[in-house]
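Commentary on secondary and tertiary structure
These are the residues of each chain, in order.
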Amino acid sequence: MSVNEHDQIRRQVRDAYGAVARAESPAGSCCAPGAGCCTPADKDVAELLSGGIGYSADEMAGVPEGANLGLGCGNPQAIAALKPGETVLDLGSGAGFDAFLAARQIGANGAVIGVDMTPDMISKARANAVKGGYANVAFRLGEIEHLPVADATVDVIISNCVINLSPDKAQVFRDAFRVLKPGGRLAISDIVTTAPLPSDMQQEVALYTACIAGAASVDELTAMLAAAGFADIRIAPKDASREFIRQWVPGRGIEDYIASATIEAVKPVR
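Residues numbered from 1 in each chain as written. Predicted model: local features only at pLDDT ≥ 70, side-chain atom pairs only at ≥ 80, totals over all residues. Heavy atoms only, no water.

This next bit is on the packing of helix α7 (residues 169-179) against helix α10 (residues 218-228). Packing of α7 against α10 brings their axes to within 9 Å, and their N-to-C directions diverge by 40°. In terms of their interaxial angle, α7 and α10 are classed as oblique. Along this stretch, α7 crosses α10, giving a crossing that reads as right-handed. Here α7 contributes K169, A170, F173, R174 and F177 to the contact with α10, which in turn contributes L221, M224, L225 and A228. When the residues that make up the contact of α7 with α10 are grouped by side-chain class, the tally is seven nonpolar, no polar and two charged. (Axes fitted to C-alpha atoms, helices over the stretch in contact; angles between N-to-C directions. Helix = DSSP H or I, 4+ residues; strand = E, 2+ residues; numbered from the N terminus. Parallel < 35°, antiparallel > 145°, perpendicular 65-115°, else oblique. Left-handed = near helix turned anticlockwise from the far one by under 90°. Contact = heavy atoms within 4.5 Å. Nonpolar A, V, L, I, M, F, W, Y, C, P; charged D, E, K, R; others polar.)

Put into structure tokens, the structure is as follows:
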């Protein structure tokens, strides 16, 4: 894929999620039934979607209103094992939902950095941080392939249904490796392919921005992570996720090709 093609994909993704951020009410999942990407939905819909992918009622109630847009495909907090005082980086932080949840776990002596390439999302997240009084959370505008974060400064990287949207996933993992401290870890929820996507699906812009057409296989992701230098790589697709994925694009059978997965890996201590 050429540089121009990469940039075109990023523009399409940025435009789609910018529209989500600008919606007056919380947006439904880009793949929510009956709500195409960027279609506003009410708070109850966002909470219903998030509850279905593993968030508790306490987690959803504990963040500022408007932070949970219902855009995830899992709960990275469940595998992150965050500890007080850690520095956490959230790739594709959106309106701040996972960043705020992480802040609750790492405490006042820890720090959370959210990175998103969509200016409207950054503005929304920063407003939510002020509203919620999150002094230990900062949001930075940037691409996850080229993180605005110093080398070896992060303990844990989390992300929720975002890396599949990148046209250069190998570079995402290389830069993630760069910013992690030795012994630092990845705790990611994302979409993976479990069978090759039909070529027509791969070419649909709407399916790319809906977290489908850009997904990679477990083997491909494992190879990328290993090439970046990661060890203890564990990628676990969740067959049960096909139940909610079936509703993303009803009647297309996408659940036969993709699933939500947890992705874990560690930067070795040399």
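There's more to say after this.
So, on to the confidence of the model for the protein chain. When pLDDT is low, close inspection of the predicted coordinates is not appropriate. Summary statistics for the protein chain give a mean pLDDT of 89 and a share of 90% for residues scoring 70 or more. In this model residues 25-41 is a low-confidence stretch, pLDDT under 50, and it forms 47 contacts with partners more than four residues away in sequence or in other chains. (pLDDT = per-residue confidence, 0-100.)

So, about α7. Here α7 lies mainly inside the structure; eight of its 11 residues are buried. K169, Q171, V172, F173, D175, A176, F177 and V179 are the residues of α7 that are buried. On its buried side, α7 packs onto β1 (87-91), β4 (154-160), β5 (180-193), α9 (205-209), β6 (216-217) and α10. (Buried < 20%, exposed > 50% of the residue type's maximum accessible area, 1.4 Å probe, protein only.)

To continue, consider the pattern of salt bridges. Tallied over the entire structure, the rule returns 14 salt bridges. Across the pair D151 and R178 runs a salt bridge, and its minimum N-O distance is 2.6 Å. Pair noted here: D151 is in the loop between β3 (137-141) and β4 and R178 is in helix α7, with a separation of 27 residues, a long-range link. Given a relative accessible area of 25%, R178 falls into the partly exposed group. In this structure, R246 engages E255 in a salt bridge whose closest nitrogen and oxygen atoms are separated by 3.4 Å. Assessed through its relative accessible area of 33%, R246 is described here as partly exposed. Each of D7, R10, E143 and E145 takes part in salt bridges that share partners, so that together they form one network. (Salt bridge = Lys/Arg side-chain N within 4 Å of Asp/Glu carboxyl O.)

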